[in-house]
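# Fold and geometry: a report
For reference, the chains in residue letters:
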Amino acid sequence: MGDYSEFYTAREIIAEILEKDFIGPVTDDEVLVEFPLQYYIMGKLYPQDDYSEVIDMARNPVLENAAETYDASISLSNQKNPSSMGITCTIKPDVNEILVTGNYAFYKMISFENAKELGIDVSRWDKLEKKPKELWLRQPYTYREIILLTNESTAESIELNNGLQLKVYTHNVLDTGERAITIALVNCNLAGNDLIEKNQKAVFQPQIKVSGVNGEHVFTSVDKRVNLTTDPELLELDLLYYGVYCYGQGHGCSVEWDVENQEPLWVASTFFPTHNLKQMKASEFLGLNVFNMKRLFTEKPNVIIAELRQFINNYRNWINKIEMHSRQFSGDRKKSAERNIAKCRNTYNQICKSIDLLENSCNGDMVVFRAFQLANEAMYIQRVRTKIRSNEPVDSCKINWYPFQLAFFLHEIVSFIEPYGEERKKVDLLWFPTGGGKTEAYLGIAAFVIFLRRLRNYQDDGVTVIMRYTLRLLTLQQFERASILIFACEQLREKYRLGGSEISIGLWVGGKLTPNSLEDARASINKQQRGVVITGDEENPCQIQICPWCGKKLTSHNYTVDMASKRMIIRCANPECDFHIRPNGLPVHIIDAAIYQHLPSFIVATVDKFSQIPLNDKPAALFGITSGKKPPELIIQDELHLISGPLGTMTGIYEAARTKLCECNGVQAKVIASTATIRNAENQIRSLYGRSCTQFPPQGISISDSFFALESEPDERPARRYFGVMGIGTTATTTLIRVNAAM
């Protein structure tokens, strides 16, 4: 448990500052010195330009199954300068009356000379040489109306102070006996183009609040998507968020409701909606030692196999439990639950198959299980080195896989143990929230693939794994993490005399980031060693500024180019670093020419780099065409959701060529993608790769529990607070500037 109370308190203070700055008022009796319409960017209703514009709330698209036109029920709320706002909620059967309360304000222009006569404190302007000519005085209003409900569709208008109307529309009673009502505030004032007139007739800080007349529970939730879609993904979301209720819909605003009670006592409009999103956390299984990385490569194989089965049996029991719970559902929810449970069972079966293959290996040539051990040892070393670099204590008992990481590892290795199986043809999508450990999950798989390929044939080196990103900044960040793992793999290759060439990592981005040729790299290094500063537009071969292994700072003096061996050598200056005395320095290649020559086992690249393939024959070596090596077996696509729009279109074109280049004896490279958002992922993957996909971990029947991940409480992990900001009558740029200024 963590104490995040101070952070939550600070966040509430920031939220209050933002709301007062965007909507107001800072104080109830505030006085402004500038036009209110310019001072406040949200929560305002403009006077109407033309009274012929009418409000249309007679239609309720919720009832007409026209969700895409739902907000059109209030026409004046959809304008750039809206004159109305409203909310729609659903009332329980047999409720005959509701209480509608709220407030709003106008700002009246007064001269500075008259301010004192009105009792306004003008002392804050005493020291100003040039005093304001006019001031804007806030004039607040409140209202309280009891609305009688009938069983028929009705429209009622109630006149409020200063030209406002409260409009109440009672829609048809639903089959359940519930009825939907829409309540709106309309600024009926008219104004021409005069700026002063517009400001004086504009409404600020309007609010609508609906409750029971005597404080009783009157609201019910109506699913807006019922009968509106047959999309399996939307129906699945409906299942996963079953139990998360919506009690209102905003028109030109948002809606909030009472969250202190199980059933809300009130529903109200808001122009500054917020949501507290609880973070997901990796599940924990007390008493199971199988997640310990060191144990996985030091314990007896039969013990490991037994513990893996114990772990996955817990998953089977969880599937059986949610299947029992799913019997409460009917209709589309029941069908969605059945589909999700079937996906969970498929995942369970594939992991069981992986464990069977590991066990068969233990009883046979040990090659597969040995690759499993080496991958775990490499990951263990990587974690140890990361802790040492961060000056953290190293406790091998605490260096563990998250359950979802180990399960995903087992889920994926089937595709490489049996490359001709159906699993190899699918794109597997790893979904886990940002910061949850996705990178380590697929790095472990990469280590397994590298070692399995070497153990089956030590001469099968060459490029084995390609990890692709869309953002170059992201590439450099992840490159360092992957480098530590590859350095560990190279250490193990030498330690156990696995043979073959050096296990190395390459950064294949080229162009404006790094030189493409060794000659250009040498010239740049010599230039920097003479003290010349490289500008941001120049190619710079000295991209690695600290040793990934020991953390020692690297400068241009640690870089040399060996034209004979056709590589740039990066030598760590730390004599205690394990890679200090190596003849070829760090096992890293970041110059294109060296990458084509030495074929790093693991390549980190950007998707745009693949556009070089039809323009340059040298990248053919990476795919074994001119090098005589096997093509890459694993393609890792990180941040899949970023490959969309025009970038997705271009990437999809090159993907067809990449798929063919990586094909060997009819076997395609396995594609693993990761993302922090899964909306429409299946269509995106089919468009990009022309393959079906499997999501891991598959969802069960609740968004808060997928067995491998659970929803955390705010005292376990800091919940994220989201705020909705939409400027009214202003540009998106101005709104963004105001947000940044307020923060």
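Further up the page is the structure itself.
Here's a quick rundown of the structure. Computed from a predicted model, the values in this text were never measured in an experiment. Counting restarts for each chain: residues are numbered from 1 in the order of the written sequence. Under the rules for a predicted model, residues below a pLDDT of 70 receive no local features and side-chain atom pairs below 80 are neither given nor counted, while totals for whole chains, interfaces and linings still include all residues. Here the side-chain values reflect all heavy atoms present in the structure, with hydrogen atoms and water set aside.

## Quick word on the overall build of the protein chain
Helix and strand content of the protein chain: 18 helices and 27 strands. Considering only C-alpha atoms, the protein chain reaches an extent of 90 × 70 × 50 Å along its principal axes. Across the 743 residues that make up the protein chain, the buried fraction comes to 50%. Accessible areas in this description were obtained via Shrake-Rupley with a 1.4 Å probe; residue shielding takes into account the shown protein chains only. A total of about 34200 Å² of accessible surface is found on the protein chain, and carbon and sulfur atoms cover 49% of it. Under this rule, positive means Lys or Arg and negative means Asp or Glu; His and the chain ends count for nothing. Charged side chains are reduced to one point each, which is NZ for Lys, CZ for Arg, CG for Asp and CD for Glu. Of note, the protein chain has its 81 positive side-chain charges centred 8 Å away from the centre of its 89 negative side-chain charges. Numbering of helices and strands runs from the N terminus; a helix is a DSSP stretch of H or I covering at least four residues, while a strand is a stretch of E covering at least two. The classification of residues rests on relative accessible area computed with a 1.4 Å probe and restricted to protein chains. Under 20% of the type maximum is buried, over 50% is exposed, and intermediate values are partly exposed.

## Description of helix α6 (residues 232-240)
Taken together, the buried positions of α6 are occupied by Leu 235, Glu 236, Asp 238, Leu 239 and Leu 240. In this description, contact between two residues means that some pair of their heavy atoms is separated by no more than 4.5 Å. Tucked inside the fold, the buried residues of α6 contact α9 (331-362). The residue sitting at the N-terminus of α6 and contributing the capping side-chain oxygen is Asp 231; that oxygen lies 2.9 Å from the backbone nitrogen of Glu 233. For this analysis, a polar contact is any N or O atom pair within 3.5 Å, provided that within protein one partner can donate a hydrogen and the other can accept it, and provided that sequence-adjacent residues contribute only side-chain to side-chain pairs.

## Re the pattern of salt bridges
Within this document, salt bridges are pairs made up of a side-chain nitrogen of Lys or Arg and a carboxyl oxygen of Asp or Glu, the two lying within 4 Å of each other. Counted by the stated rule, this structure contains 36 salt bridges. Across the salt bridge formed by Arg 738 and Asp 21, the nearest N and O atoms sit 3.6 Å from each other. Note that Arg 738 is positioned in helix α18 (residues 732-742) and Asp 21 in helix α1 (residues 5-22), a separation of 717 residues in sequence. A residue is classified by how much of its surface remains accessible, and Arg 738, at 18% relative accessible area, is buried. Residue classification places Asp 21 among the partly exposed positions, given a relative accessible area of 24%. By sharing partners, the salt bridges in this structure join Glu 490, Arg 493, Glu 494, Glu 502, Arg 567 and Arg 582 into a single network.

## Brief notes about the packing of aromatic side chains
Note on ring pairs: Phe, Tyr and Trp rings are taken, using the six-membered ring of Trp, and paired if centres are within 6.5 Å. Classes follow the plane angle, with under 30 degrees stacked, over 60 edge-to-face and the rest tilted. The final tally for this structure, using the stated rule, is 38 aromatic pairs. Both rings, one in Phe 272 and one in Phe 723, keep their centres 5.4 Å apart while their planes meet at 15°; by these two values the pair is stacked. In this pair, Phe 272 is assigned in the loop between β13 (266-270) and β14 (274-277) and Phe 723 in strand β27 (residues 720-723), connecting sequence segments 451 residues apart. Seen from their ring centres, Phe 311 and Phe 708 are 6.5 Å apart, and the 70° between their planes marks the pair as edge-to-face. Of the two residues, Phe 311 is situated in helix α8 (residues 301-325) and Phe 708 in the loop between β25 (693-696) and β26 (709-711); the sequence distance between them amounts to 397 residues. Of the residues examined, Phe 311 reaches a relative accessible area of 0% and is grouped as buried. On the accessibility criterion, Phe 708 (0% relative accessible area) is buried.

## Topic: the packing of α6 against α9
Packing of α6 against α9 leaves a shortest axis separation of 9 Å and a crossing angle of 95°. The angle between α6 and α9 falls in the class roughly perpendicular. Contacts between α6 and α9 involve Pro 232, Leu 235, Glu 236, Asp 238, Leu 239 and Leu 240 from the first element and Asp 332, Arg 333, Ser 336, Ala 337, Arg 339, Asn 340 and Lys 343 from the second. Only Asp, Glu, Lys and Arg are considered charged, only Ala, Val, Leu, Ile, Met, Phe, Trp, Tyr, Cys and Pro nonpolar, and every remaining residue, Gly among them, polar. Here the contact of α6 with α9 is built from residues that sort into five nonpolar, two polar and six charged. To get an axis, a line is fitted to the C-alpha atoms, and for a helix only the part in contact is used. The angle between two axes follows their N-to-C directions and goes from 0 to 180 degrees. Orientation categories follow fixed angle ranges, with anything under 35 degrees roughly parallel, anything over 145 roughly antiparallel, 65 to 115 roughly perpendicular, and all other angles oblique.

## Quick notes on the environment of Ser 674
Structurally, the position occupied by Ser 674 is in strand β24 (residues 670-675). Sequence separation between Ser 674 and Gln 695 is 21 residues, and the spatial gap between their C-alpha atoms is 9.5 Å. Residues in contact with Ser 674, not counting those within four places in the same chain, are Leu 429, Leu 430, Lys 438, Tyr 442, Gln 637, Asp 638, Glu 639 and Leu 640.

## Concerning the state of the cysteines
The definition used for a disulfide is geometric: two cysteine sulfur atoms within 2.5 Å. Counted according to the given criterion, the structure contains zero disulfides. For the unlinked cysteine Cys 547, the closest cysteine sulfur is that of Cys 550, found at 3.8 Å.

## Points about the sheet that holds strand β23 (residues 634-637)
Taken in spatial order, the eight strands of this open sheet run β21-β18-β22-β17-β23-β24-β16-β25, and their pairing is parallel. Looking at the sheet topology across the chains shown, the edges are occupied by β21 (588-589) and β25. Note: two strands are recorded as paired if DSSP finds a minimum of 2 bridges between them. Here four bridges tie β23 to β24, and the two strands are oriented parallel to one another. Looking across to β24, one finds that Ile 635 is bridged to Val 671.

## What about the nonpolar core?
In plain words, nonpolar cores are sets of buried Ala, Val, Leu, Ile, Met, Phe, Trp, Tyr and Cys residues tied together by side-chain atoms within 4.5 Å. Judged by nonpolar contacts, the single largest core of 114 residues is most densely connected at Phe 372, Phe 448, Met 568 and Phe 602. Looking at this core element by element, the count peaks at twelve residues for helix α10 (residues 367-389). In this structure Phe 448 touches Val 368, Ala 371, Phe 372, Ala 375, Phe 409, Ile 413, Phe 416 and Ile 417, once residues within four positions along its chain are discounted. Core analysis: the next-biggest nonpolar cluster, separate from the first, contains 46 residues, Leu 37, Cys 89, Tyr 107 and Val 218 among them.

## Let's talk about the side chain of Thr 659
Note on placement: Thr 659 falls in helix α16 (residues 645-661). Note on Thr 659: relative accessible area 13%, which makes it buried. Contacts of Thr 659, omitting those with residues within four sequence positions, involve Gln 668 and Arg 691.

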